[in-house]
Amino acid sequence: MMTELMPTQDFGYNLSAITNVSVKAKTRTGITRILCLGDSITRGVYSSNETTQSWVAQLYSLITEAYGDAGIGCIAAREGSPLIGQPNAASGLNGQPKRVQFVTASTGLPFTGTRVLGGFCGEYIRHASGDEIRYMNVDCSKFTLLYMDCNGSNGGKCSVYVDGVAVQTNIGDNSVSSDTPRVLSFTVTPGTHTIGIRATSGNFNTAGIVVEKNFPSILLSRVGIEGWNANDWAINNPAASWQKAPQDLVILALGANDVEDYVAGTFKTHMGTIISGFQATGTPVLLYVTQPPGEGWGNWGSWPNFVAVMYELANQYDCALIDGYQAWFSNYEAAHVQGLYGIHPLDYSGGSGSDAIHPGDVGYRYIAQTVYRTLSNAMNCPIGETELSGNIGGCVIRSPSGVPFTLTVSDTGVLATAHRTLAYDLFDRADSVTSMGTANTGQTWTAYNGTWGIISNEAYNVSEQKSTNLAVAISDVGSANFFVSCKVKGDHTSNSNYYSPGITFHHINATDYLRVQLQYDGIWLYKRDNSTGTVVLASKNIPLMNGVYYKIGIRAGGNRISVFKDDVLIIDHTLSPELFAQFGSSRGVGFYLTILGSPSVKARWDNLIVEPL
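Here's what I pulled together on the structure shown here. (Residues numbered from 1 in each chain as written. Predicted model: local features only at pLDDT ≥ 70, side-chain atom pairs only at ≥ 80, totals over all residues. Heavy atoms only, no water.)

1. Examining the overall build of the protein chain
Moving on, step 1. Check the secondary structure of the protein chain and you find 13 helices and 33 strands.
Moving on, step 2. Relative to its full complement of 613 residues, the protein chain shows a buried share of 57%.
Moving on, step 3. Partitioning the contacts of the protein chain with sequence separation of at least 6, the portion at a separation of at least 24 is 70%.
Moving on, step 4. Total accessible area computed for the protein chain in this model is approximately 22,700 Å², and 50% of it derives from carbon and sulfur atoms. (Helix = DSSP H or I, 4+ residues; strand = E, 2+ residues; numbered from the N terminus. Buried < 20%, exposed > 50% of the residue type's maximum accessible area, 1.4 Å probe, protein only. Contact = heavy atoms within 4.5 Å. Areas by Shrake-Rupley, 256 points an atom, 1.4 Å probe, with all protein chains shown as cover.)

Now the structure itself:
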């Protein structure tokens, strides 16, 4: 596993052009809506799963961790797959199923819809009476249907179903003189739902849905079509549709296909049409400059001319800009060495791929990190932290080990910092074979099973009893709603030979707690109590390397548990009412370990940080 590459600087330009967006986001004045519009790179082609590993999806994970979850934004009806109507058609090269299924309501069998160009997502699906587009397992408190009213036999009506129950009927108007974008919003009980758009007469035209929650965070909508260039989007005129669902910012990430089809001057004309269209609706624009293409990708050698045009556009139309070309070292070979380009063969660990333009998972994450850092700096403090006056708020900054501090300034310009943690422990103290002692924030570690200690500024289990639930915890961090993160490593050789570490939370006593554990075949979320033992709540199959530190994050907010690996969301689980009643008010956080066989790499924990939500 390669060390994660992080952007070394802010690659933003003319960020004052999005000041109003920055202020809204950092003061949490409602939901800040950002539309990310582009080509196959925005779609996430050559990631292991477009819905979780595209750069927009990984940016969503970063924002959610720092700022809270506003929802997953736009889910297009086609959601990337060219195999319309096949419910298991891949959303990524790794064969992940789509979140969208096309089902004939009367039979439950898949149907084949008709792809039509235009509208919100650049395309929509025309489906006949009785055919239903279902959005599976959508976690939301509100959703907005995006659709097109079309004339005559091309149009028709639909009913909207939530969990199999019709919530509105007779939607649609085929008397329009031309194709007309429409939106219709629905409020639902917060939680996970299946949403069905069922044509009931004629043909209905579904573009997608926008999924959101009642939380003042940043809502990202991902709209990318493989093979499309700026001219395709200029002809489509997406601003005309999206003004029905207004956005606070549009990020345009185009050019990869234009360098194959056009010269830089023509690209500039097409981009100008898109930019002016959005600006005419009052929507500011941020341009993302794509990474350098490799030899063989169209007129790859002329890409610097396209980069120069993007800066010209930023100046001409007063757009903000993020220079991904510079972030990728302005050189294909240099970025390729870092393992940023697409996988070949199917290997998502960060090895250098052979694709000439598309990133792999590692490259998509690097784009997300680059955009995240620039947006953070545009707000003068990290995304998600409210800028307040005087000494009652301020920006949050982090130490080299990730410990958050609130930075405030007085009217005389005096700066001051204060911890913004419920608990943290860096374990930077003398070795001990008898106790883990006291955390940096003063709480005492309690060993519930086995002996725990400190070695080389890391936490570890001293006693190493095999086939035993070893646990240690801080019994009360001061709140039951928190985000806990920690660096963890172990031995994941096999199901009979492992040193399997974990993090406990909502920890009650020696036998009752929730935990996230690194296993031989992935990362698992468990419930354990004295009466029923250990029960698996959710899991994610991910290859793990022996002796490699992974940053594990757990967001425990109400009945919802979100688990992150290296800042990427991998598990999103809602506790049952019974489990929430059992564990939801408990405020303990700690470590867990099981050992089996003769593993060679011992488990270690470092930099535990518990933050308030």
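2. Some points on the pairing of strand β16 (residues 404–409)
Regular strands place their side chains on alternate faces of the sheet.
Moving on, step 1. Here β16 shows one buried face, formed by Pro 404, Thr 406 and Thr 408, and one open face, formed by Phe 405, Leu 407 and Val 409.
Moving on, step 2. Count of turn residues in the β16/strand β17 (residues 415–419) antiparallel hairpin: five residues, of which Gly 413 carries a positive phi of about 90°. (Pairing = 2+ DSSP bridges.)

3. Observations concerning the side chain of Arg 555
Moving on, step 1. Relative to the helices and strands, Arg 555 resides in strand β29 (residues 550–557).
Moving on, step 2. Excluding anything up to four places from it in sequence, Arg 555 contacts Thr 64, Gly 68, Phe 215, Phe 482, Phe 483, Arg 560, Ile 561, Ser 562, Phe 564 and Leu 613.

4. Description of the pattern of salt bridges
Moving on, step 1. A full pass over the atoms with the stated rule returns 23 salt bridges.
Moving on, step 2. The shortest N-O distance in the salt bridge between Lys 24 and Asp 248 comes to 3.1 Å. Placement of Lys 24 in helix α1 (residues 19–26) and of Asp 248 in the loop between α6 (238–242) and β12 (249–253) is noted, with a sequence separation of 224 residues between them.
Moving on, step 3. By relative accessible area, which is 23% here, Lys 24 ends up partly exposed.
Moving on, step 4. One salt bridge in this structure joins Glu 132 and Arg 198, with 2.6 Å as the shortest N-O distance. Remark: Arg 198 occurs in strand β10 (residues 180–212) and Glu 132 occurs in strand β7 (residues 131–149); sequence separation between them is 66 residues.
Moving on, step 5. Residue Glu 132 is classed as buried on the basis of its relative accessible area of 4%.
Moving on, step 6. Connected through shared salt-bridge partners, Arg 43, Glu 50, Arg 78, Arg 115, Glu 123 and Glu 226 make up one network. (Salt bridge = Lys/Arg side-chain N within 4 Å of Asp/Glu carboxyl O.)

5. Let's talk about the sheet that holds strand β1 (residues 12–13)
Moving on, step 1. Reading across the sheet, the six strands line up as β1-β14-β13-β12-β2-β11 and stay open at both edges, with mixed pairing between neighbours. Only two strands of the sheet have a single partner each, and these edge strands are β1 and β11 (218–224).
Moving on, step 2. Sheet topology note: the strand β13 (residues 285–289)/strand β14 (residues 320–323) ladder contains four bridges and is parallel. Bridge assignment links Leu 286 to a residue of β14, and that residue is Ala 320.
Moving on, step 3. Where helix α4 (residues 55–67) meets the sheet, its contacts fall on β2 (32–38), β11 and β12, and the angle it forms with β11 comes to roughly 175°. (Axes fitted to C-alpha atoms, helices over the stretch in contact; angles between N-to-C directions.)

6. Focus on the environment of Gly 155
Moving on, step 1. The topology assignment puts Gly 155 in the loop between β7 and β8 (156–162).
Moving on, step 2. Residue class for Gly 155 comes out buried when judged on its relative accessible area of 3%.
Moving on, step 3. The contact partners of Gly 155, leaving out residues within four places of it in the chain, are Cys 150, Asn 174, Ser 201, Gly 202, Asn 203 and Asn 205.

7. Focus on the pairing of strand β27 (residues 522–529)
Moving on, step 1. With seven of eight residues buried, β27 lies mostly within the body of the structure.
Moving on, step 2. Where strand β26 (residues 513–519) and β27 come together, seven bridges link them in antiparallel fashion. Residue Gln 519 lies in a different strand from β27, and its bridge partner there is Gly 522.
Moving on, step 3. Where β26 folds back on β27, the antiparallel hairpin that results is connected by two residues.
Moving on, step 4. Pairing between β27 and strand β28 (residues 533–540): seven bridges, direction antiparallel. Residue pairing across strands places Arg 528 opposite Thr 534, the latter belonging to β28.
Moving on, step 5. The turn linking β27 back onto β28 is made up of three residues.

8. Looking at the packing of aromatic side chains
Moving on, step 1. Here the structure, examined in full by the defined rule, presents 20 aromatic pairs.
Moving on, step 2. Seen from their ring centres, Trp 328 and Tyr 366 are 6.1 Å apart, and the 55° between their planes marks the pair as tilted. Residue Trp 328 is found in the loop between α10 (324–327) and α11 (332–337), and its partner Tyr 366 is found in helix α12 (residues 361–378); the two are separated by 38 residues along the sequence.
Moving on, step 3. Residue classification places Tyr 366 among the buried positions, given a relative accessible area of 2%.
Moving on, step 4. Taking 5.2 Å as the distance between ring centres and 15° as the angle between the ring planes, the aromatic pair formed by Phe 591 and Trp 605 counts as stacked. Of this pair, Phe 591 sits in strand β32 (residues 589–596) while Trp 605 sits in strand β33 (residues 604–612), and the two are 14 residues apart along the sequence.
Moving on, step 5. You can call Phe 591 buried: its relative accessible area is 0%.
Moving on, step 6. Among the aromatic residues, those joined into a ring-pair cluster are Phe 427, Trp 445, Trp 452, Phe 591 and Trp 605. (Phe/Tyr/Trp six-rings, centres within 6.5 Å; stacked < 30°, edge-to-face > 60°.)

9. A short note on the side chain of Ser 61
Moving on, step 1. Its location among the elements puts Ser 61 in helix α4.
Moving on, step 2. Those residues in contact with Ser 61 that sit more than four places away from it in its chain are Phe 564, Asp 567, Val 568 and Leu 569.

10. Description of the packing of α4 against α12
Moving on, step 1. Contact pair α4 / α12: the axes reach a minimum separation of 8 Å and the direction vectors enclose 50°. Between α4 and α12, the interaxial angle falls into the category oblique. Of the two possible hands of crossing, α4 and α12 adopt the one that is right-handed. Note on element contacts: α12 touches α4 through Asp 361, Tyr 364, Arg 365, Ile 367, Ala 368, Gln 369, Val 371 and Tyr 372, opposite Trp 55, Gln 58, Leu 59, Leu 62, Ile 63 and Ala 66.
Moving on, step 2. Of the residues contributing to the contact of α4 with α12, the split by class is ten nonpolar, two polar and two charged. (Parallel < 35°, antiparallel > 145°, perpendicular 65-115°, else oblique. Left-handed = near helix turned anticlockwise from the far one by under 90°. Nonpolar A, V, L, I, M, F, W, Y, C, P; charged D, E, K, R; others polar.)

11. Considerations on unusual backbone geometry
Moving on, step 1. Backbone geometry places Asp 163, a non-glycine residue, at a positive phi of 55°.
Moving on, step 2. Tracing the sequence through the fold places Asp 163 in the loop between β8 and β9 (165–171).
Moving on, step 3. Residue class for Asp 163 comes out partly exposed when judged on its relative accessible area of 44%.
Moving on, step 4. With a phi angle near 70°, Phe 329 is a residue other than glycine that sits in the positive phi range.
Moving on, step 5. Positionally, Phe 329 belongs in the loop between α10 and α11.

12. Side note on the packing of helix α8 (residues 264–280) against helix α9 (residues 303–317)
Moving on, step 1. Contact geometry of α8 with α9 gives a least axis separation of 10 Å together with a crossing angle of 35°. With respect to the hand of their crossing, α8 and α9 are arranged in right-handed fashion. Residue-level inspection shows Ala 264, Phe 267, Lys 268, Met 271, Gly 272, Ile 275, Ser 276 and Gln 279 of α8 in contact with α9, the latter providing Asn 305, Phe 306, Val 309, Met 310, Glu 312, Leu 313, Gln 316 and Tyr 317.
Moving on, step 2. Of the residues that constitute the contact of α8 with α9, the class distribution is nine nonpolar, five polar and two charged.

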